[in-house]
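As a plain string of letters, each chain reads:
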Amino acid sequence: MANVKLKQLKKVYGKDVIAIKGADVSIKDKEFVVLVGPSGCGKSTLLRMIAGLEEISEGELFIDEEKVNDLSPKDRDIAMVFQNYALYPHMTVFDNMAFGLKLRKHKKEDIKRRVEEAAEILGLSEYLQRKPKEMSGGQRQRVAIGRALVRQPKVFLFDEPLSNLDAKLRVQMRIEIKRLHKQLEATMIYVTHDQIEAMTMGDKIVVLKDGYVQQVDSPMNLFNNPANKFVAGFIGSPAMNFLEGRIEKSNELEFVSGLVRFGIPEKLGLHEKLKPYIGKSLIFGFRPEYLYDKEKENSKELSVDMDIILDVTEPVGSESFNYFHFEGQEDKTFCFRSDSVYQYQGNEKIKVGLDINRLRFFDKKTEIRIA
């Protein structure tokens, strides 16, 4: 397989429409990397630039240390799986999977061997003589993956391949693609707008917004240590809670927002970073997972304590999403997760704790994390 390096890649349409604004990403051999972000962020454009389907306006693209800016798609030794399967309806599964090899003049014996091997891996052996219309969406997606697999490329590219499938089938196909990656030890680059898909599949995630790379990191580092407010709010479901307030100085630094007030212990190492914000606005971020009911759950961690008023509880099986507001801030809704064994009523006032090591602050203007 191969490593892939993007050096200040830029894509400009016309005179002033900049779709990708200087992307720097390094992808290791055998790594599964996910490009994620909201619609229109440039993730599919970036994938198509790697594939050679979009011309690179500026910057350099390397596959296995070879600069490929000027190479045609067929010469880059990549294979792409599209969102809409792109199968030929009049061809059998075998012919769909063999089509690319036939164009490259491979021998019939080699084509047969490769297709049968790929079909075995993907559980398609009994469907090789069927046509796409006789198959389910999940089976057709496996055929599209099989067509890429028989190519034995250096890099596999996936452009939102599961977006047309129902929720249950998406979960199943996620597992199959991850299993395939492990089995092939292949370099794979995968595009999705679904952050849960990104978190569960990627060894490394590239978060994009408005053509800019916001952060490149492992799933858990993105979750626990977001570089900015956008990443913090995009990664995680339910999303991170944000509360605007200010830093005040008494005996110690305190965060204050209306009736919410708590001290920030000096041992956290945040004081030097937060001192410039004394008397100024900033944003406090805390994930629903980081809160717990002080009365019902014991924690050995030193915590920040806050009084909240519950509005609505949504049970979702083994856990519940509890939506609340702070007294005096009825127009703002926040969320914390709890075990579903805990039952809450609307308008209930409770005290929640937040591990002091989970405090996250963001600059109000730049939205960059203060850390």
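See the structure printed just above.
In this numbering scheme, every chain counts its residues from 1 along its sequence in written order. In view of the model being predicted, local features appear only for residues whose pLDDT reaches at least 70, and side-chain atom pairs are presented and counted only at 80 or more, with totals across whole chains, interfaces and linings using the full set of residues. Calculated side-chain values reflect all of the structure's heavy atoms, with hydrogen atoms and water omitted.

Colleague: Got a sec to walk through the overall build of the protein chain? Specific residues and values, please.
Modeller: Helix and strand labels come from DSSP, where a helix needs a run of H or I of at least four residues and a strand needs a run of E of at least two; each type is numbered from the N terminus. Scanning the protein chain from terminus to terminus reveals nine helices and 21 strands. C-alpha extents for the protein chain along the principal axes are approximately 80 × 45 × 35 Å. Here the protein chain holds 371 residues, and 50% of them are scored as buried. The contact rule is simple, with two residues in contact once any of their heavy atoms fall within 4.5 Å. Restricting to contacts in the protein chain with at least 6 residues of sequence separation, those with at least 24 account for 65%. Under the convention used here, a 1.4 Å probe and the Shrake-Rupley method define accessible areas, while residue burial counts only the protein chains that appear. As displayed, the protein chain offers around 18100 Å² of accessible surface, 46% of which is attributable to carbon and sulfur atoms. Remark: exposure states derive from per-residue accessible area (1.4 Å probe, protein chains only) relative to the maximum for the residue type, with buried under 20%, exposed over 50%, and partly exposed in between.

Colleague: Give me the lowdown on the layout of surface pockets, citing residues and values where you can.
Modeller: Here a cavity denotes grid points, spaced 1 Å and computed from the protein atoms alone, that fit a 1.4 Å probe unable to get out, and a pocket denotes an open set having protein on both sides within 12 Å along at least 5 of 7 lines; residues with an atom within 4 Å of a point are the lining. Grid points are joined across faces, edges and corners, and a volume is the space filled by probe spheres set on the points. Put simply, the largest pocket is a space of about 480 Å³. Considering the residues around the largest pocket, the lining is formed by 18 residues, among which Met80, Phe82, Arg104, Arg147 and Arg151 are closest to the centre. At the level of elements, strand E6 (78-81), helix H2 (93-103) and helix H4 (137-149) are the ones that each hand at least two residues to the lining of the largest pocket. Only Asp, Glu, Lys and Arg are considered charged, only Ala, Val, Leu, Ile, Met, Phe, Trp, Tyr, Cys and Pro nonpolar, and every remaining residue, Gly among them, polar. Of the residues in the lining of the largest pocket, the class split is 13 nonpolar, one polar and four charged. The computed volume of the second largest pocket comes to approximately 160 Å³. What lines the second largest pocket is simply Leu259, Val260, Arg261, Asp305, Met306, Asp307, Ile308, Ile309, Phe326, Glu327, Lys349 and Lys351. Mapped onto the lining of the second largest pocket, the elements with two or more residues apiece are strand E13 (260-263), strand E16 (303-315) and strand E19 (349-355).

Colleague: Account for the pairing of strand E7 (residues 155-159), naming residues and giving values.
Modeller: Counted residue by residue, E7 has five buried out of five residues, so it is predominantly covered. With burial as the criterion, each face of E7 is covered, one bearing Val155, Leu157 and Asp159 and the other bearing Phe156 and Phe158. Summarising the sheet, E6 and E7 pair through four bridges and their orientation is parallel. Along E7, the bridge assignment pairs methionine 80 with leucine 157. The pairing criterion is simple: DSSP has to find at least two bridges between the two strands. Pairing of E7 with strand E8 (residues 187-192), which is carried by five bridges, proceeds in the parallel orientation.

Colleague: If you had to explain the packing of H4 against helix H5 (residues 167-184) to someone new, which residues and values would you point to?
Modeller: Angle between the axes and distance between the axes: these two values describe a pair of packed helices. H5 packs onto H4 with a crossing angle of 20 degrees between their chain directions and a minimal axis gap of 11 Å. Considering the angle they form, H4 stands roughly parallel to H5. Like other packed secondary-structure pairs, H4 and H5 cross with a definite hand, here right-handed. In this structure, H4 uses Gly137, Gly138, Gln141, Arg142, Ile145 and Leu149 to contact H5, whose residues at the interface are Leu169, Gln172, Met173, Glu176, Ile177, Leu180 and Leu184. When grouped by side-chain class, the residues that make up the contact of H4 with H5 number seven nonpolar, four polar and two charged. Orientation is described by axes fitted as lines to C-alpha atoms, over the contacting stretch for helices, and by angles from 0 to 180 degrees between their N-to-C directions. An angle counts as roughly parallel when it lies under 35 degrees, as roughly antiparallel when it exceeds 145, as roughly perpendicular when it falls between 65 and 115, and as oblique in every other case. Throughout, a crossing is termed right-handed when the near helix is turned clockwise from the far one, and left-handed when it is turned anticlockwise from it by less than a right angle.

It is worth stressing that arrangement in space is one thing and function is another; only the former is reported here.
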